[in-house]
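Summary of the model geometry
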Amino acid sequence: MTKTAFPLLALLALVACGKKDESATAASPAAQTAAQPAALDAAAAAGAENRRRDPFTYANYDAVRVTDLALEATVLFDEKTLDAVATLTVERVDPAATMLVLDANDLDIRRVEAGDGETFAPATYSLGPDDPVLGSKLTIDLPAGARKVRIAYRTSPGAEALQWLSPEQTAGKKRPFMYSQNQSINARSMAPVQDTPAVRMTWSATIRTPADLRAVMSAENDMGPTDGEYAFRMPQPVPAYLLAIAAGDIAFKALSETIGVYAEPSVVEAAAAEFADTPAMERTASALYGPYRWGRYDLLILPPSFPFGGMENPRLSFMTPTLLAGDKSLTGVVAHELAHSWSGNLVTNATWSDAWLNEGVTSYVENRLVEAVYGTGRAVMEQALSLKSLQEEIAGQTKPELTRLRLPMNLDHPDEAFSDIAYVKGEFFLRFLEERYGRAVFDPFLRDWFETHAFKAATTDDFRGFLLERLVAANPQAASIAEIDEWLDAPGLPATTPQPKSAAFDKVDAARRAFLDGAAAPASLGTAAWTAQEWLHFINGLPADISPSRLGELDLAFDLTNSRNAEIAFAWQMKAIGAGYAPAMPAVENFLTHVGRGKFIYPLYRALKDKGELATAERILEKAKAGYHPIAQRRVADILQAQN
Ligand code: BES
Ligand code: ZN
């Protein structure tokens, strides 16, 4: 990723704040420190900056806020462009405000007008220079009385949010496909908006596509016929990172009255079978954490280039097809994206440095849903797999400040916040609280957190305050404030980390030991009934220096190189690269050229590089690149170019 050094970013943020912003007036660090109560340690004190101001937006949201977006767009596949008009409704937080500041990235701004909603007149505006992380600042003069701003623009073919797939890159091979991925700060390359999780807006859209294609969005979808014109409405206010669109040859299959699956026609049946438990997950989540607030919940299965496992776009989670394992073993990701309907979409991190409030809380809820639908055995196995991954990540992290839940505000890029720290350390923090207070107390607490903060942005401090008030004050014996603050502000993993105990994994450990000691042949390891989680634990636990011939024995018995479960194939290929097990290399190349999911491809490219196979990695990337989303193209290029 192209990174901006922090001082420049901080400067840009200050400049972008506008007159009314606190961090702009409290310009001296001393003044900022004075406003903060005693901090845990020196590093936290040094970080006593304004933790509510998002440094990754130009928007002057303390002065003027966008409250609604009405989007009209035509999807031009040949030009890889959205030709659009965005009408923004604004609210003056500061009655004296004379400007609206928006985020834009690679947008071709054609015309800007302002008005009262009935009539519009051309408005003066300026588009600032392109910062590699932030994009450009779009400043629009707001005449007195102006309530609406109308912007005609076109997106760039290289827009960071959008991937344009040729027919050959789809499952059906006949029609093109496009989709967006706006988290964390890519919405600004799709539309001029206040691209910060701290600002929420309602929105609506009219989208035109070629007549035989369907557009879907993260909103009330147009369930009408495929005719090339679709209307959408999102009546609940959401941040811009949750705005999403896809268009292509898309079919639908219902899973229940209110839940269904969208996918290319050749994928939709398999997806409906794989994700048949989604209604049960939603029932469980609603029973635990309060009613589902968004109307329908549908899943959209994307082509394999989708760079994430899933993305919690409201009412319509976007999902990778690599979850289609045939045995529902990877549906934790559905539980995860559904869980974001409470943690993230309803209660949203105010800045990306509090990403654990989105991802950690969601990972905890995900595991509760997995437990309810698939049983404690699977839930505990998934906890153990996550904890091992977190421990390895902490061990390899050279910047200890990035292992705190409450991350520093001066990240190089918001995406830096999305590591196992946010996900797994956050999850285990909540599990620690669950253990100390008991579910009878903790479950209602979390439900109240969602209810009292619904449709709001929250900081780590908000959570801490709510925790102290609602749990700690009433049960002072259960957990000390020092223990809680260690979770929030100390690097690494606290000694109070709950330890998942899986009897199934103990058996897998014994089997692995027997194989490694030469005491048992692969066929006699008792693997017949192993689930994907057991296989993952078995493979991940193989020593890094295992010989290629020993991997060959396992491969001969279990054909792990060609596993149709993407998680197992990935885990195996990582071992294979590390051990120099050549027979798996064609499968690695095949995987990298067909799948664009970051969780798999970033570590595989890094492993190739670390093994001294940089030339191979570069050759594969050259071939595979056109099939990756811009986010993934950039990340992989960074991995291969990095000096370590
Ligand atoms: N919100 C994330 C995806 C994301 C994070 C996109 C940061 C852009 C920036 C989503 O909910 C997620 O966490 N997906 C995970 C799956 C999950 C089960 C860990 C993924 O994609 O692997
Ligand atoms: Zn998530």
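Residues numbered from 1 in each chain as written. Chains lettered and ligands numbered in written order. Predicted model: local features only at pLDDT ≥ 70, side-chain atom pairs only at ≥ 80, totals over all residues. Heavy atoms only, no water.

**A short note on the overall build of the chain**
Scanning the chain for helices and strands turns up 21 helices and 21 strands. The C-alpha atoms of the chain give a radius of gyration of 25 Å, which matches the 26 Å a tight globule of 644 residues would have. Taking all 644 residues of the chain together, 57% fall into the buried category. Accessible surface computed for the chain: about 24,400 Å², of which carbon and sulfur atoms make up 54%. Computed over 61 positive and 81 negative side-chain charges, the separation of the two mean positions in the chain equals 1 Å. (Helix = DSSP H or I, 4+ residues; strand = E, 2+ residues; numbered from the N terminus. Rg over C-alpha atoms; globule rule 2.2 N^0.38 Å. Buried < 20%, exposed > 50% of the residue type's maximum accessible area, 1.4 Å probe, protein only. Areas by Shrake-Rupley, 256 points an atom, 1.4 Å probe, with all protein chains shown as cover. Lys, Arg positive; Asp, Glu negative; His and termini not counted. Charge placed at Lys NZ, Arg CZ, Asp CG, Glu CD.)

**Some remarks on the sheet that holds strand S14 (residues 245-248)**
Across the sheet, which stays open at both edges, the 4 strands sit in the order S9-S10-S14-S12 with antiparallel pairing between neighbours. At either margin of the open sheet sits one strand with a lone partner, and together these are strand S9 (162-165) and strand S12 (214-217). The sheet shows a mean angle of 10 degrees between the axes of neighbouring strands, taken without regard to direction. (Pairing = 2+ DSSP bridges. Axes fitted to C-alpha atoms, helices over the stretch in contact; angles between N-to-C directions.)

**Examining the coordination of the zinc ion (ligand 2)**
All of the protein donors around the zinc ion (ligand 2) are His-336 (NE2), His-340 (NE2) and Glu-359 (OE); their distances to the metal are 1.9 to 2.1 Å. Mapped onto the sequence, the residues coordinating the zinc ion (ligand 2) show the spacing H-x3-H-x18-E. Assigned by exposure class, His-336 and His-340 land together as buried. (Donors = N, O, S within 2.8 Å, 3.2 Å for Na, K, Ca; no water.)

**Observations concerning helix H17 (residues 566-579)**
Taking 1.5 Å of rise per residue, the 14 residues of H17 would be expected to cover 20 Å, and the 20 Å separating its terminal C-alpha atoms lies within 8% of that figure. By the criterion of burial, H17 is predominantly enclosed, with 12 of the 14 residues buried. By the burial criterion, the buried members of H17 are Ala-566, Glu-567, Ile-568, Ala-569, Phe-570, Ala-571, Trp-572, Gln-573, Lys-575, Ala-576, Ile-577 and Ala-579. Buried residues in H17 make contact with helix H15 (532-540), helix H16 (548-558), helix H18 (585-594) and helix H19 (598-610). Among the residues of H17, the N-terminal cap falls to Asn-565, whose side-chain oxygen and the backbone nitrogen of Glu-567 are separated by 3.0 Å. Among the residues trailing H17, Gly-580 stands out with phi positive, at a value near 70 degrees. (Expected span 1.5 Å × (residues − 1). Contact = heavy atoms within 4.5 Å. Polar contact = N/O pair within 3.5 Å; in protein donor to acceptor, adjacent residues only side chain to side chain.)

**A word on the packing of helix H14 (residues 503-516) against H15**
Interhelical geometry of H14 versus H15 gives an angle of 45 degrees and a closest axis separation of 9 Å. With respect to their mutual orientation, H14 and H15 come out oblique. As H14 runs across H15, the sense of the crossing is right-handed. Contact residues: H14 offers Ala-504, Phe-505, Val-508, Asp-509, Ala-511 and Arg-512, while H15 offers Gln-533, Glu-534, His-537 and Phe-538. (Parallel < 35°, antiparallel > 145°, perpendicular 65-115°, else oblique. Left-handed = near helix turned anticlockwise from the far one by under 90°.)

**Observations regarding the sheet that holds strand S3 (residues 99-104)**
Taken in spatial order, the 3 strands make up an open sheet running S3-S7-S6, and their pairing is antiparallel. Looking along the sheet, the strands with just one partner apiece sit at the ends: S3 and strand S6 (125-127). Strand-to-strand, the axes of this sheet are offset by a mean angle of 15 degrees, without reference to chain direction. Strand direction decides the pairing type here: S3 and strand S7 (residues 136-141), joined by 6 bridges, are antiparallel. Looking at S7, one finds that Leu-102 is bridged to Leu-138.

**Side note on the site of ligand 1**
Near ligand 1 there are 16 residues, and of these Gln-183, Gly-309, Glu-312, Glu-337 and Tyr-423 occur at the shortest range. In the environment of ligand 1, a nitrogen atom lies 3.2 Å from a nitrogen or oxygen atom belonging to the backbone of Gly-310. When ligand 1 is considered free in solution it has 520 Å² of accessible area, and contact with the protein chains removes 88% of it. Breaking the shell around ligand 1 down by element, the ones donating at least two residues are strand S18 (310-311), helix H7 (332-339) and helix H8 (355-374). Here the residues of the shell around ligand 1 sort into 5 nonpolar, 6 polar and 5 charged. (Near = heavy atom within 4 Å. Nonpolar A, V, L, I, M, F, W, Y, C, P; charged D, E, K, R; others polar.)

**Some thoughts on the environment of Leu-560**
Here Leu-560 shows up in the loop between H16 and H17. Taking the relative accessible area as the measure of exposure, Leu-560 reaches 3% and is therefore buried. Measuring from C-alpha to C-alpha, the distance between Leu-560 and Glu-257 comes to 39 Å, with 303 residues separating the pair along the chain. For Leu-560, the residues in contact, after removing those within four places along its chain, are Trp-535, Ile-539, Leu-554, Asp-555, Ile-568, Ala-569 and Trp-572.

**Points about H15**
One turn of the α-helix equals 3.6 residues, which is why residues spaced by three or four share an orientation. Taking burial as the measure, the 9 residues of H15 include 8 buried ones, the bulk of the element. Turning to H15, the residues buried within the fold contact helix H9 (376-396), H14, H16 and H17.

**With respect to the packing of aromatic side chains**
This model, assessed by the stated rule, comprises 30 aromatic pairs. With a centroid separation of 5.7 Å and an interplanar angle of 90 degrees, the aromatic rings of Tyr-289 and Phe-450 are classed as edge-to-face. In this pair, Tyr-289 sits in helix H6 (residues 278-289) while Phe-450 sits in helix H11 (residues 439-452), placing the two residues 161 residues apart along the sequence. By relative accessible area, which is 1% here, Tyr-289 ends up buried. Using a relative accessible area of 1% as the deciding quantity, one classes Phe-450 as buried. Consider the rings of Trp-356 and Phe-463, whose centres lie 5.3 Å apart with planes at 85 degrees: the pair is edge-to-face. Here the residue Trp-356 occupies a position in helix H8, and Phe-463 occupies one in helix H12 (residues 460-472), the gap between them amounting to 107 residues. One aromatic cluster is present, formed by Trp-356, Tyr-364, Phe-429, Phe-432, Phe-442, Phe-445, Trp-449, Phe-463, Phe-466 and Trp-487 through successive ring pairs. (Phe/Tyr/Trp six-rings, centres within 6.5 Å; stacked < 30°, edge-to-face > 60°.)

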